[in-house]
Amino acid sequence: MGKRFLRIIAFCVLLFSVLFMPFWVSSILAFICMVYFSFFIEGVGLLLLPDLLYGVREARFSNVLFIIFIASILVFVLIEFMKKKLKFYPEQNNL
């Protein structure tokens, strides 16, 4: 099984989890995919979907609507930064 096929399967599983499972399951799966795959921007895009479908303004966060999306962007940037700094993280092809 190639890395691309695995990436497509991960995208489909993440899409299913975003649509039918609680947001924390989707967040954990997206985090795992962001760590495993190189530049998994699909996770950030898919985590925008729950905010668009079910999101409400949060008074705790200054009435910001896209909480999960903003958090996923921050986590994505942090993970990609850490991947470049780690010496033992294997270099992967950009898929």
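Up top is the structure these notes are about.
A brief look at the structure comes next.

Cut-offs used in this document
- Residues numbered from 1 in each chain as written.
- Predicted model: local features only at pLDDT ≥ 70, side-chain atom pairs only at ≥ 80, totals over all residues.
- Heavy atoms only, no water.
- Patch = residues over 30% accessible without salt bridge, like charges linked within 9 Å, V, L, I, M, F, W, Y side chains within 5 Å.
- Areas by Shrake-Rupley, 256 points an atom, 1.4 Å probe, with all protein chains shown as cover.
- Salt bridge = Lys/Arg side-chain N within 4 Å of Asp/Glu carboxyl O.
- Helix = DSSP H or I, 4+ residues; strand = E, 2+ residues; numbered from the N terminus.
- Buried < 20%, exposed > 50% of the residue type's maximum accessible area, 1.4 Å probe, protein only.
- 1 Å grid on protein atoms, 1.4 Å probe; cavity = no way out; pocket = protein on both sides within 12 Å on 5 of 7 lines; lining within 4 Å.
- Points joined across faces, edges and corners; volume = space filled by probe spheres on them.
- Nonpolar A, V, L, I, M, F, W, Y, C, P; charged D, E, K, R; others polar.
- Contact = heavy atoms within 4.5 Å.
- Axes fitted to C-alpha atoms, helices over the stretch in contact; angles between N-to-C directions.
- Parallel < 35°, antiparallel > 145°, perpendicular 65-115°, else oblique.
- Left-handed = near helix turned anticlockwise from the far one by under 90°.

**Considerations on a nonpolar patch on the surface**
No. 1: The grouping of Phe23, Trp24, Ile28, Phe31, Ile32, Val35 and Val75 at the surface amounts to a nonpolar patch, some 670 Å² of accessible area in total.
No. 2: Mapped onto the secondary structure, Ile28 falls in helix α2 (residues 23–36).
No. 3: Overall, the relative accessible area of 45% leaves Ile28 in the partly exposed class.

**Here we look at the layout of surface pockets**
No. 1: Put simply, the largest pocket is a space of about 310 Å³.
No. 2: As for the largest pocket, its lining consists of 17 residues, and the residues nearest its centre are Phe23, Asp51, Tyr54, Gly55 and Ile68.
No. 3: The set of elements that each furnish at least two residues to the lining of the largest pocket consists of α1 (3–20), α2, α4 (48–54) and α5 (67–85).
No. 4: For the lining of the largest pocket, the leading source of residues is α4, giving three residues.
No. 5: Here the residues of the lining of the largest pocket sort into 11 nonpolar, three polar and three charged.

**A look at the environment of Phe69**
No. 1: Examined against the element boundaries, Phe69 turns out to sit in helix α5.
No. 2: According to the relative accessible area criterion, Phe69 is partly exposed, its value standing at 21%.
No. 3: As for Phe69 and Gly45, which are separated by 24 residues in sequence, their C-alpha atoms are 7.9 Å apart.
No. 4: When near neighbours in sequence (up to four residues on either side) are disregarded, Phe69 contacts Val44, Leu47, Leu48 and Asp51.

**Here's the deal with the packing of α1 against α2**
No. 1: One way to put it is that α1 packs onto α2 with a least axis distance of 9 Å and a crossing angle of 165°. Between α1 and α2, the angle falls in the class roughly antiparallel. Note on packing geometry: the crossing formed by α1 with α2 is left-handed. Contact with α1, carried on its side by Lys3, Leu6, Ala10, Val13, Leu14, Ser17 and Val18, involves Ser26, Leu29, Ala30, Cys33 and Tyr36 of α2 and no other residues of that element.

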